[in-house]
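# A structural walkthrough
These are the residues of each chain, in order.
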Amino acid sequence: MSANKLRVAILGAGLIAPNHAAGFQEVPDLAQVVGICDINRENADNLATLFDAKIYSDYRELIADPDIDLIDVLLPHHLHYPVAMEIIATKKHLLLEKPMAVTYRQSMEIFESAKKAGIHFGVAENTRYIRAYVEAEKIIKTGKLGDITLVRTFLPANERIRLSSDDFWGKRLDQGGGALIDSGPHTFYLLKWLFGEIRELVAFTSQLYKVDSEVEDNADVRGKLACGADFLSSFTFTAEVPHSERLEVYGTTGSLIVDQLVNPPVRLYTEPVDFDGTQVEGLEYDPMGWHYFSIVEEVKDFVRTVVENRPPTVDPLDCCYVVKVIEKAYNSARNGNKLVTI
Ligand SMILES: NC(=O)c1ccc[n+]([C@@H]2O[C@H](COP(=O)([O-])OP(=O)(O)OC[C@H]3O[C@@H](n4cnc5c(N)ncnc54)[C@H](O)[C@@H]3O)[C@@H](O)[C@H]2O)c1
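Residues numbered from 1 in each chain as written. Predicted model: local features only at pLDDT ≥ 70, side-chain atom pairs only at ≥ 80, totals over all residues. Heavy atoms only, no water.

## Some words on the pattern of salt bridges
Where side chains of opposite charge bring their charged atoms close, a pairing between them can arise. Applying the stated criterion across every chain yields a total of 18 salt bridges. As a salt-bridge pair, Lys-300 and Glu-297 come within 3.1 Å of each other at their nearest N and O atoms. Of the two residues, Lys-300 and Glu-297 both sit in helix 9 (residues 289-307), 3 residues apart, roughly one turn of that helix. What makes Lys-300 buried here is its relative accessible area of 10%. Residue classification places Glu-297 among the partly exposed positions, given a relative accessible area of 33%. Several salt bridges converge on common partners, so that one network encompasses Arg-152, Arg-246, Glu-248 and Asp-259. (Salt bridge = Lys/Arg side-chain N within 4 Å of Asp/Glu carboxyl O. Helix = DSSP H or I, 4+ residues; strand = E, 2+ residues; numbered from the N terminus. Buried < 20%, exposed > 50% of the residue type's maximum accessible area, 1.4 Å probe, protein only.)

What follows is the structure, encoded as structure tokens:
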């Protein structure tokens, strides 16, 4: 690292890159984006308008550059593992988008290699920085909901255009699948963070768009958490609503409903006939900012992790765990919806 600022490169200048870029822009005293790499020159040029950065088309050239301290990897899922392993070998710090990799074995190999290399390694799991969930965690910890009996999550999105495009979204490649490998990391990280591990699950997947896409675009995973509660997590790429999130937590003395598309987004219910519930203070309706600000915060926090030489807020082992859960869910769905233990 240079004496003053972390020299950062963004590898992958697609859809999510501007959000990460905004995070680095908010900590100008700590980090500076000096490199941008993408095989698509137009994407790289667009992102480069924000920074005085060198453009690379070959990621190996970027990784070999001794003037880079930290690489932020925003590539298609199936490239996370090979590219992360090459970055770790150069001992550069690494921030890697979710899913950490497409298999549990690959995820653990990244984790172990990063640890051995002594680098700062983080997984960009923005769920941890969504304010509604941060408040939900506080409420759950107060015990107001009693014993948790049921947790339901829903991640709807309309990804029809991306599924039928030529990029990686609808293609199986080695990426492990569709809606589940893409949205599952957020949900299973959320469950692990708020409620602990999953004991067992059953999964169902289906595919509505079959013309250009090769992957499942709908999935349901249900089962038991180790804390004793039941859970049901649904994912769809075929819903005519913006990409959004919903969490329902039901306990023996209260319930919490969190919904990005509802105003207000977080309500607490403690009476059986109280249809209005209680609005959780300090959380405004901001469906657009919900995702954007969480990514900006995650990037800033990772920069601070490196500068302050401390462990990341999002434990990469939890991100390995969620890939294990997703792998098990695919196994269940592909084997006649078999009940699998985690
Ligand atoms: N945290 C979130 O909420 C969130 C949201 C969207 C995407 N993501 C993750 O970010 C990653 C990227 O997603 P996206 O939506 O930005 O995808 P995208 O397809 O829009 O962007 C990927 C970029 O990588 C480039 N690329 C592909 N192969 C390359 C290579 N060999 N070398 C250099 N560049 C290459 C493509 O040209 C493209 O510009 C995915 O893993 C996805 O899961 C996370």
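From this point, the discussion proceeds with the structure in view.
## As for the domain arrangement of the chain
Split into domains, the chain comes out as domain 1 (6-127 + 293-313) and domain 2 (131-286 + 322-341). Here domain 1 and domain 2 have C-alpha centroids that lie 26 Å from each other. Contacts between the two partners involve 16 residues from domain 1, matched on the other side by 18 residues from domain 2. Where domain 1 abuts domain 2, roughly 1,500 Å² becomes buried across the two surfaces, and 65% of that area is made up of carbon and sulfur atoms. In this structure, Asp-182 engages Lys-98 in a salt bridge whose closest nitrogen and oxygen atoms are separated by 3.2 Å. For the pair domain 1 and domain 2, the number of links is 5 residue pairs in polar contact (both at pLDDT 80 or more). For the side of domain 1 that touches domain 2, the secondary-structure elements that each account for two or more residues are helix 4 (77-89) and helix 5 (104-117). Of the residues assigned to the side of domain 1 that touches domain 2, the class counts are 8 nonpolar, 6 polar and 2 charged. (Domains from an automatic or database assignment. Contact = heavy atoms within 4.5 Å. Buried area = accessible area lost by both parts, 1.4 Å probe. Polar contact = N/O pair within 3.5 Å; in protein donor to acceptor, adjacent residues only side chain to side chain. Nonpolar A, V, L, I, M, F, W, Y, C, P; charged D, E, K, R; others polar.)

## Examining the sheet that holds strand 6 (residues 121-124)
Here 6 strands make up an open sheet; going across it, the order is 3-2-1-4-5-6 and the pairing parallel. Every other strand in the sheet has two partners, leaving strand 3 (54-56) and strand 6 as the edge strands with one partner each. Adjacent strand axes in the sheet meet at a mean angle of 25° when their direction is disregarded. Helix-sheet contacts for helix 9 involve strand 1 (6-11), strand 2 (31-37), strand 4 (70-73), strand 5 (93-97) and strand 6, and the interaxial angle to strand 5 is about 160°. (Pairing = 2+ DSSP bridges. Axes fitted to C-alpha atoms, helices over the stretch in contact; angles between N-to-C directions.)

## Overview of the sheet that holds strand 11 (residues 246-251)
If you trace the 9 strands from one edge of the open sheet to the other, you get 14-13-12-11-7-10-9-8-15, paired in mixed fashion. The open sheet terminates on both sides in strands that have one partner only, identified here as strand 14 (278-279) and strand 15 (340-341). Of the pairings in the sheet, the one linking strand 7 (residues 148-156) to strand 11 comprises 6 bridges and is antiparallel in character. Across the sheet, residue Phe-154 finds its bridge partner in strand 11, namely Arg-246. The strands touched by helix 10 (residues 316-334) are strand 8 (198-206), strand 9 (218-225) and strand 15; relative to strand 8, the strand with the most contacts, the crossing angle is about 55°.

## Things to note about the nonpolar core
By size, the foremost hydrophobic cluster in this structure holds 83 residues, and its most contacted members are Met-100 and Phe-188. Both domain 1 (6-127 + 293-313) and domain 2 (131-286 + 322-341) contribute no fewer than three residues apiece to this core. Contact partners of Met-100, with chain neighbours within four places excluded, come to His-80, Ser-107, Ile-110, Phe-111, Phe-121, Val-123, Pro-316, Cys-319, Cys-320 and Val-323. (Core = buried A, V, L, I, M, F, W, Y, C linked by side-chain atoms within 4.5 Å.)

## Things to note about the environment of Lys-54
By the element assignment, Lys-54 lies in strand 3. Judged by relative accessible area, Lys-54 falls into the partly exposed class, the value being 45%. Taking C-alpha positions, Lys-54 is 9.2 Å from Val-33, a pair spaced 21 residues apart along the chain. If near-sequence neighbours (up to four positions away) are discounted, Lys-54 is found in contact with Val-34, Gly-35, Ile-36 and Asp-65.

## A word on the packing of helix 4 against helix 5
With their axes 10 Å apart at the nearest point, helix 4 and helix 5 run at an angle of 10° to one another. On the basis of the axis angle, helix 4 is roughly parallel to helix 5. Contacts between helix 4 and helix 5 pair His-80, Tyr-81, Ala-84, Met-85 and Ile-88 from the former with Arg-105, Gln-106, Glu-109, Ile-110, Ser-113, Ala-114 and Ala-117 from the latter. Of the residues belonging to the contact of helix 4 with helix 5, the class tally is 7 nonpolar, 3 polar and 2 charged. (Parallel < 35°, antiparallel > 145°, perpendicular 65-115°, else oblique.)

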